[in-house]
Amino acid sequence: MKLTRCLTALAAAAALSATFSVAAREYSVSTVLSDAFPWGQAAQKWADLVAERSNGEITLRVYPNAQLVAGDQTKEFSAMRSGLIDMAVGSTINWSPQVPELNLFSLPFLMANSADLDAITQGEAGKQAFAAIEKRGIVPLAWGENGFREISNSSKPVKTPADLSGLKIRVVGSPLFQDTFTALGANPTQMSWADAKPALTTGAVDGQENPLSVFDVARVDQVGQKYLTLWHYMADPLVFAVNQRVWKQLPEADREILRQAAIDAGEWEIELSRSAEAKRLEDIRARGVEVTELSDAEHQAFVEATRVVHEKWAPKIGAELIEAARTAIAE
Ligand code: X2X
């Protein structure tokens, strides 16, 4: 009897230690793009810094290609909230179906350049965006960057909204994209990144929009995308984040390691991503892609054609957040 009890206690202790000192020290991190891209490199950098600073006690295991949600990137936020995923480095686009405030970054032509984007993320608007994420049960730690998104297609140079007329464009995530491309006279089709390349290959869609890093690394030129217009219509930041229950269970010292490592990895990746842009564009051109740059007047025509999207989406995003973003940009 005594022996049995002793053995039971031993088994329980072993199970407990397995749970707390081994299993509980490894966490899953979801990303959409692998470490061939700055996005995946951001997550890996986070993992490396955390491993180093916790002396190997905390392992972040990165699962790319949205594989933890079977490729359905717009389910990543929900999966992290439910605890199916512990952590993620995710795009504001993919999380915006659950966090409507994140559509701020997708408002066409709100931000002209990286300085505008930084003014938003680093100031009051960024705090409000993080508060919106927190309110939905996820702890945001730091910003990264996917990048300014440029449009490509297989049939002709795009210089005016009329050039987009009737073109089938693959779009992501939020219904906002449906509205933007409809306002431009295009024919938007929503699908995951996993489905995008096959759809471009078969010609099921004519075009897509993504940052230069994605166009370059994924070799989007090889699936018939011969025309690229640099219109910088929006940029999607990345957010490093943690499931709330996981966060609450962590000792304060571990939280600090995770947070600071996320901030450092984010800054590192933003710099990496931006400094590679010029060379990427050169390489894309060298592969025979016809790159179109817009004059101020041409650019303005796109701005005007998409104003209606701002009007429609302002109430969903929140007037206060939009105001904070506009103020940050103006300053
Ligand atoms: O699906 C896309 O276009 C991508 C990879 O850029 C995002 O996940 C937002």
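Here the structure is shown first, and the text comes after it.
Residues numbered from 1 in each chain as written. Predicted model: local features only at pLDDT ≥ 70, side-chain atom pairs only at ≥ 80, totals over all residues. Heavy atoms only, no water.

What follows covers the packing of helix α2 (residues 38–53) against helix α12 (residues 252–286). Contact geometry for α2 and α12: axes closest at 8 Å, N-to-C directions at 145°. As α2 runs across α12, the sense of the crossing is right-handed. Residues Pro38, Trp39, Gln41, Ala42, Lys45, Trp46, Leu49, Val50 and Arg53 of α2 touch α12, and the partners they reach there are Ile257, Leu258, Gln260, Ala261, Ala262, Asp264, Ala265, Trp268, Glu269, Leu272, Ser273 and Arg280. Its residues assigned to classes, the contact of α2 with α12 comprises 13 nonpolar, 3 polar and 5 charged. (Axes fitted to C-alpha atoms, helices over the stretch in contact; angles between N-to-C directions. Helix = DSSP H or I, 4+ residues; strand = E, 2+ residues; numbered from the N terminus. Left-handed = near helix turned anticlockwise from the far one by under 90°. Contact = heavy atoms within 4.5 Å. Nonpolar A, V, L, I, M, F, W, Y, C, P; charged D, E, K, R; others polar.)

Near the ligand you find 13 residues, and of these Gln73, Asn94, Arg149, Arg170 and Asn210 are the closest. Taking Gln73, its side chain carries an N or O atom lying 2.8 Å from an oxygen atom of the ligand. Judged by the fraction of its atoms near the pocket grid, the ligand is located in the largest cavity. Looking at the shell around the ligand residue by residue, the classes come out as 5 nonpolar, 5 polar and 3 charged. (Near = heavy atom within 4 Å. Polar contact = N/O pair within 3.5 Å; in protein donor to acceptor, adjacent residues only side chain to side chain. 1 Å grid on protein atoms, 1.4 Å probe; cavity = no way out; pocket = protein on both sides within 12 Å on 5 of 7 lines; lining within 4 Å. Sits in = over half its atoms within 2 Å of the grid points.)

Within the secondary structure, Asp35 is located in the loop between β1 (26–30) and α2. Through-space distance from the C-alpha of Asp35 to that of Gly266 is 14 Å; in sequence the pair is 231 residues apart. In contact with Asp35, other than residues within four places in its own chain, are Gly40 and Gln41.

So, about the layout of surface pockets. Size it by volume and the largest pocket reaches roughly 230 Å³. Contributing to the lining of the largest pocket are Thr121, Gln122, Gly123, Gly126, Lys127, Phe130, Leu141, Ala142, Trp143, Ile263, Glu267 and Ile270. Considered class by class, the residues forming the lining of the largest pocket number 6 nonpolar, 4 polar and 2 charged. (Points joined across faces, edges and corners; volume = space filled by probe spheres on them.)

This paragraph deals with unusual backbone geometry. Backbone geometry at Asn55 places phi at a positive 50°, although glycine is not the residue there. The topology assignment puts Asn55 in the loop between α2 and β2 (59–63). The backbone of Phe109 shows a phi angle near 65°, a positive value even though the residue is not glycine. By secondary structure assignment, the location of Phe109 is in the loop between α4 (92–95) and α5 (114–121). Relative accessible area serves as the criterion here: at 13%, Phe109 is assigned to the buried category. (Buried < 20%, exposed > 50% of the residue type's maximum accessible area, 1.4 Å probe, protein only.)

With that out of the way, let us pick up the nonpolar core. By size, the foremost hydrophobic cluster in this structure holds 84 residues, and its most contacted members are Trp46, Leu60 and Leu104. Counting 19 residues, the second-largest nonpolar core is a separate cluster that includes Leu167, Ile169, Val172 and Tyr233. (Core = buried A, V, L, I, M, F, W, Y, C linked by side-chain atoms within 4.5 Å.)

So, on to the side chain of Arg170. With respect to the element layout, Arg170 can be found in strand β5 (residues 168–171). Although Arg170 lies buried, it forms no salt bridge, and the closest oppositely charged side chain, Glu209, sits 4.9 Å away as judged by the N-O distance. When sequence neighbours within four positions are dropped, the list of residues in contact with Arg170 reads Gln73, Thr189, Met191, Ser192, Trp193, Ala196, Val205, Gly207, Gln208, Glu209 and Asn210. (Lys, Arg positive; Asp, Glu negative; His and termini not counted. Salt bridge = Lys/Arg side-chain N within 4 Å of Asp/Glu carboxyl O.)

A separate point is empty space enclosed by the protein. Scanning the entire structure with this criterion turns up 2 cavities of 30 Å³ or more. As for the largest cavity, its lining consists of 14 residues, of which Trp39, Gln73, Asn146, Arg149 and Asn210 are closest to the centre. Within this model, the second largest cavity holds a volume of roughly 40 Å³. Forming the boundary of the second largest cavity are Leu117, Asp118, Thr121, Gln122, Trp143, Gly144, Glu145, Pro237, Ile270 and Arg274.

With that settled, consider the pattern of salt bridges. A full pass over the atoms with the stated rule returns 21 salt bridges. Across the pair Glu101 and Arg136 runs a salt bridge whose closest N-O atoms are separated by 3.2 Å. Separated by 35 residues along the polypeptide, Glu101 in the loop between α4 and α5 and Arg136 in the loop between α6 (124–135) and β4 (138–153) bring together distant segments of the chain. Grouping residues by exposure puts Glu101 and Arg136 together as buried. Here Arg274 ties to Asp118 by a salt bridge, and the two come within 2.9 Å at their closest N and O atoms. Remark: Asp118 occurs in helix α5 and Arg274 occurs in helix α12; sequence separation between them is 156 residues. When its relative accessible area of 26% is taken as the criterion, Arg274 is described as partly exposed. Ionic contacts of the salt-bridge type, sharing partners, join the residues Asp216, Arg219, Asp221, Arg280 and Arg287 into one network.

It is worth spelling out the side chain of His310 at this point. Examined against the element boundaries, His310 turns out to sit in helix α14 (residues 307–317). Note on His310: relative accessible area 15%, which makes it buried.

Axis separation between α5 and helix α15 (residues 319–330) bottoms out at 8 Å; the angle between their running directions is 130°. Considering their axes alone, α5 and α15 lie oblique with respect to each other. The two elements α5 and α15 meet at a crossing, and its hand is right-handed. Contacts from Asp116, Ala119 and Ile120 of α5 reach α15 at Ala325, Ala328 and Ile329. Class assignment for the residues of the contact of α5 with α15 results in 5 nonpolar, no polar and 1 charged. (Parallel < 35°, antiparallel > 145°, perpendicular 65-115°, else oblique.)

Let us look at the packing of aromatic side chains. Tallied over the full model, the rule gives 10 aromatic pairs. Plain terms: the ring middles of Phe109 and Trp231 are 5.8 Å apart, the flat faces sit at 85° to each other, and that makes the pair edge-to-face. Here Phe109 is found in the loop between α4 and α5, whereas its partner Trp231 is found in the loop between β8 (227–230) and β9 (235–243), with 122 residues between them in sequence. Above the ring of Trp268, the side-chain terminus of Lys45 is found at 4.7 Å from the ring centroid. (Phe/Tyr/Trp six-rings, centres within 6.5 Å; stacked < 30°, edge-to-face > 60°. Lys NZ or Arg CZ within 6 Å of the ring centre and 35° of its normal.)

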